Amino acid sequence: IFSFQFYVLVAFISLFIYLGLSNSNISSSADYFSGGKDTKWYIAMMSIVATETSVLTFISVPGIAYRGNWYFLQLSFGYILGRFLVSKFLLPLYFSSNITSIYELIGSRYNKNLQRLASILFLSTRVLADGVRFLATAVIVQLLTGWSLEISVVLIGLVTVLYSVSGGLKAILLIDSIQFLIYLSGGLIVIVFILF
């Protein structure tokens, strides 16, 4: 009755919910936000790359580059420079101050009002940017399943909230890493297909 893509989607949704629930043995809010501080470096690295490479990047940038516009290649160089600066200057501050957020550092270094302003600005811009990414993902789910856009948005939202709330950062890092491996494999398959 259903398409192959539908069953793949259901399998991944089930896997994500399972991973969220299986990592729900969180003892404190610090564990929830820090993942128990026992995450492997490669899981964190894959999660970071998957998080900064949204569905919009993965779908639109290859098409733009194929038409001859290599402008977005600069993003990769910016990411490399940014990671170096974060590793060199911010991570030592995080570890020496035993903080879990850059906003805690801003609050302790400057004042609480600046901490609140920075938090509000970050949350406002993230809600707007992530709303667009969320919609793009829902369009893909709509194309794969034939469901309405509204149902696709609600489904993605419920699954994301469920695994995020139940499993905390550890579940999020693990699921992002799986998504990284999926889209990296997909990219490699496409390259091989184009070449042969």
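Residues numbered from 1 in each chain as written. Predicted model: local features only at pLDDT ≥ 70, side-chain atom pairs only at ≥ 80, totals over all residues. Heavy atoms only, no water.

Digging into the packing of helix H1 (residues 4-22) against helix H8 (residues 149-195)
Defined as follows: Think of each axis as a best-fit line through the C-alpha atoms, taken over the contacting stretch in the case of a helix, with angles from 0 to 180 degrees between the N-to-C directions. A run of H or I in DSSP becomes a helix once it reaches four residues, and a run of E becomes a strand once it reaches two; helices and strands are each numbered from the N terminus. For this classification, under 35 degrees means roughly parallel, over 145 means roughly antiparallel, 65 to 115 means roughly perpendicular, and everything else is oblique. Any two residues having at least one pair of non-hydrogen atoms within 4.5 Å are treated as being in contact. Asp, Glu, Lys and Arg are counted as charged, while Ala, Val, Leu, Ile, Met, Phe, Trp, Tyr, Cys and Pro are counted as nonpolar; the rest, among them Gly, fall into the polar class.
Axis separation between H1 and H8 bottoms out at 7 Å; the angle between their running directions is 105 degrees. One way to sum up the angle between H1 and H8 is to call them roughly perpendicular. For the pair formed by H1 and H8, the contact residues are Phe12, Ile13, Leu15, Phe16, Ile17, Leu19, Gly20 and Leu21 on the first element and Leu155, Val159, Leu162, Tyr163, Ser166, Gly167, Ala171, Leu174, Ile175, Ile178, Gln179 and Ile182 on the second. Taken together, the residues that form the contact of H1 with H8 break down as 16 nonpolar, four polar and no charged.

Thoughts on H1
Operational definition: Take the number of residues in a helix, subtract one, and multiply by 1.5 Å to get its expected span. In this scheme, a residue with accessible area under 20% of its type's maximum is buried, one over 50% is exposed, and one in between is partly exposed, where area comes from a 1.4 Å probe on protein chains only. Regarding the arc, it is the one traced by the directions from the helix axis to the C-beta atoms.
In this model H1 runs 27 Å from its N-terminal to its C-terminal C-alpha over 19 residues, within 8% of the 27 Å that 1.5 Å per residue would give. Taken together, the buried positions of H1 are Phe6, Leu9, Ile13, Phe16, Leu19 and Gly20. Buried residues along H1 cover an arc of 160 degrees about the axis, so they all sit on one side. Opposite its buried face, H1 presents the exposed residues Phe4 and Tyr18, each directed more than 90 degrees away. Among the structural elements, helix H7 (112-145) and H8 are those in contact with the buried residues of H1.

What about a nonpolar patch on the surface?
Our working rule: Patches were defined on residues exceeding 30% relative accessible area and lacking a salt bridge, with like-charge contacts within 9 Å and nonpolar side-chain contacts (Val, Leu, Ile, Met, Phe, Trp, Tyr) within 5 Å. We get accessible surface area from the Shrake-Rupley algorithm with a probe of 1.4 Å; when it comes to residues, only the shown protein chains can shield them. A pairing counts as a salt bridge when a side-chain nitrogen of Lys or Arg comes within 4 Å of a carboxyl oxygen of Asp or Glu.
There is a patch of nonpolar side chains on the surface, built from Leu81, Phe84, Leu85, Val86, Phe89, Leu90, Leu91 and Phe95 and spanning about 770 Å² of accessible area. Secondary-structure assignment places Leu91 in helix H5 (residues 73-97).

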